[in-house]
Amino acid sequence: MDKVRPVRRALLAPFDKAGLVGFASALVELGVALVSSGGTARVLAGAGLPITPVEEVTGFPEMLDGRVKTLHPRIHAGLLADRGNPDHVRQLTEQDIEPFDLVIAGLYPFRETVESGAGEGDIIEKIDIGGPAMVRAAAKNFGSVGVVVDPARYNDILAEIRREGGLSGATRRSLAAAAFAHTAAYDVAVAGWFAGDREALPSFVGLAYDKVEDLRYGENPHQRGALYAEAAGPGPLGGAEVLVAGKEMSFNNWLDLDAAYALAGAFDRPAAVIVKHNNPCGAAIAGSLGEAYTRAFDSDTVSAFGGIVAFNREADEDAARAMADVFTEVVVAPDFTEAALAAFGARKGLRVVRAPVPAAGGLDVRPVSGGALVQDRDAVTEGRDQMEVVSPREPTEDEWRDVLFAWTVAMRVKSNAIVFAKDLATVGVGAGQMSRVDASFLAVRKAADRAAGAVMASDAFFPFPDAVEIAADAGVTAVIHPGGSIHDDDVLEVAAARGMAVVVTGRRHFRH
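Residues numbered from 1 in each chain as written. Predicted model: local features only at pLDDT ≥ 70, side-chain atom pairs only at ≥ 80, totals over all residues. Heavy atoms only, no water.

(A) Local environment of the overall build of the protein chain. Helix and strand content of the protein chain: 18 helices and 21 strands. Relative to a compact globule of 512 residues, whose C-alpha radius of gyration would be 24 Å, the protein chain shows 30 Å and is clearly more extended. Each of the three principal axes of the protein chain carries a C-alpha extent, and together these read 95 × 50 × 40 Å. Looking at the protein chain as a whole, 47% of its 512 residues are labelled buried. Sequence-distant contacts, at least 24 apart, represent 55% of the contacts inside the protein chain between residues at least 6 apart. Per element, the accessible surface of the protein chain, about 24,100 Å² overall, is 51% carbon and sulfur. A distance of 6 Å separates the average location of the 50 positive side-chain charges in the protein chain from that of its 69 negative side-chain charges. (Helix = DSSP H or I, 4+ residues; strand = E, 2+ residues; numbered from the N terminus. Rg over C-alpha atoms; globule rule 2.2 N^0.38 Å. Buried < 20%, exposed > 50% of the residue type's maximum accessible area, 1.4 Å probe, protein only. Contact = heavy atoms within 4.5 Å. Areas by Shrake-Rupley, 256 points an atom, 1.4 Å probe, with all protein chains shown as cover. Lys, Arg positive; Asp, Glu negative; His and termini not counted. Charge placed at Lys NZ, Arg CZ, Asp CG, Glu CD.)

(B) Expanded view of the pairing of strand β4 (residues 102-106). Buried residues dominate β4, accounting for five of its five residues. Residues Leu102, Ile104 and Gly106 line one face of β4 and the alternating positions Val103 and Ala105 line the opposite face, and both faces are buried.

(C) Broad picture of the pairing of strand β21 (residues 501-504). Of the two faces of β21, the one holding Ala501 and Val503 and the one holding Val502 and Val504 are both buried throughout. Across two bridges, the pairing between strand β16 (residues 388-389) and β21 is antiparallel. By the bridge assignment for β21, Glu388 is matched with Val504. Bridging between strand β20 (residues 478-481) and β21 involves four bridges; their strand directions are parallel. Residue pairing for β21: Val479 is matched across the bridge by Val502. Between β20 and its parallel partner β21, the chain crosses via helix α18 (residues 488-497), and the hand of that crossover is right-handed. (Pairing = 2+ DSSP bridges. Right-handed = clockwise from strand over helix to strand, strands pointing away.)

(D) Structural context of the sheet that holds strand β5 (residues 146-148). Ordered in space as β3-β2-β1-β4-β5, the five strands form an open sheet in which the pairing is parallel. Looking at strand neighbours, the two that pair on one side only are β3 (52-53) and β5, the edges of this open sheet. Sheet topology places strand β1 (residues 9-14) next to strand β2 (residues 33-36); four bridges connect them, and they run parallel. Residue Leu12 lies in a different strand from β2, and its bridge partner there is Ser36. Most of the contacts of helix α2 (residues 38-46) go to β1, to which it runs at about 115°, and overall it touches β1 and β2. (Axes fitted to C-alpha atoms, helices over the stretch in contact; angles between N-to-C directions.)

If you want it as structure tokens, here you go:
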């Protein structure tokens with residue numbers, strides 16, 4: 001299998017015709033005979049290239065609107081015959097079947113058709129049958145056949161044929177690995193579509209990712225790490241582009257970037273979010289991104305050092321100026337003005353990432369040993385009209401504004417989560433604590449005197465009144481929480497005695 005095998009005959013049937021005519025022309029110049037079918041044959045013949053139609057090889061016409069073309073023994077025997085097996089070679093001779101040395105293929109755009117919103121009939125027609133069979137046959141027989149499913153490999157393939165007189169065993173094995181990955185991702189997409197059920201979680205969840213790049217390391221230097229993209233998808237974070245790279249993006253950068261942008265995208269008004277170690281340490285809404293950043297930074301000036309910043313609007317020079325004196329690892333936004341890019345680009349070590357604002361919905365898949373946990377991706381969809389004021393005092397309009405803001409932020413804070421907010425900005429965040437009372441102590445310490453007049457959000461119910469007492473002692477005037485504790489009445493009694501307004505949402509937002 002390691003020997004170089006000459007390429008004398010090629011079967012060409014890719015859906016993506018990019019670069020195909022030039023590649024096929026070069027093969028002809030190298031003396032390679034071309035066999036093709038359907039639209040590919042028409043494109044190549046139209047370019048004046050000598051093509052043998054598949055139906056001429058099979059003696060059978062294409063039929064069923066092109067569903068049956070290459071599914072024939074005279075094609076698949078030519079793909080599967082092991083040239084190192086004398087019996088295989090004998091059978092080919094007896095049946096007058098000429099083998100293939102190279103296959104150029106690419107499957108129908110099934111995933112793209114689904115994402116376009118096409119109807120079921122169109123989607124079903126994009127389920128490729130002959131293509132995967134042909135690709136898998138050639139890949140299985142990589143000892144004799146090379147199979148190319150990525151146009152990006154064309155130049156390398158031509159260069160090796162010119163240099164070596166054919167394809168090496170190592171190259172054919174590499175091509176086979178890529179081919180099986182290609183068909184596996186395709187099958188996952190098709191199976192996932194059939195498994196989809198709007199009334200229930202899907203019966204099958206398949207994950208198919210293509211490596212984008214190796215990272216310096218994983219979460220820690222002793223761990224390997226790499227960035228992957230959903231197969232045939234837009235890419236990480238919906239197609240994020242690193243516009244300015246002061247240094248390489250790290251594993252932890254990508255994790256924190258996802259957390260920061262998910263929260264920033266949850267707000268309709270101009271917002272800035274600062275994340276450190278996968279938790280928001282500051283978030284704010286304001287009339288401009290510059291003001292929003294300044295107020296988010298003021299929430300926790302210590303933790304913001306070396307953080308990730310996300311904006312939900314085009315970042316302008318005002319936003320860049322507000323960040324100028326703060327060491328930041330990454331800034332992400334849906335776009336950047338030229339002035340902002342120039343300002344950010346002048347900063348040493350800062351990465352600038354452009355990505356579409358994250359869309360709500362989808363599945364949250366978390367691997368566990370031997371399997372995975374799958375759930376709907378969390379989002380705050382409950383509005384003020386769906387919440388209940390249980391305290392004797394109604395929240396003021398300013399308190400309503402702030403509790404709804406704090407409630408959204410708390411959804412993205414690791415549990416146990418306590419968020420203090422005032423004037424549409426966080427002033428203290430208690431995250432990831434083993435007890436809610438400890439999270440409250442932490443939020444109070446972070447807020448200091450800014451807790452006076454602030455509101456408090458808790459991602460889950462209060463098991464005891466102690467956390468509310470701590471907040472009340474610090475000057476918090478209103479509380480929002482899911483309710484549902486056996487001690488809800490005790491919590492309400494403490495809050496009411498201190499003049500606090502209490503809103504119950506009926507929905508929990510744990511984030512582990």
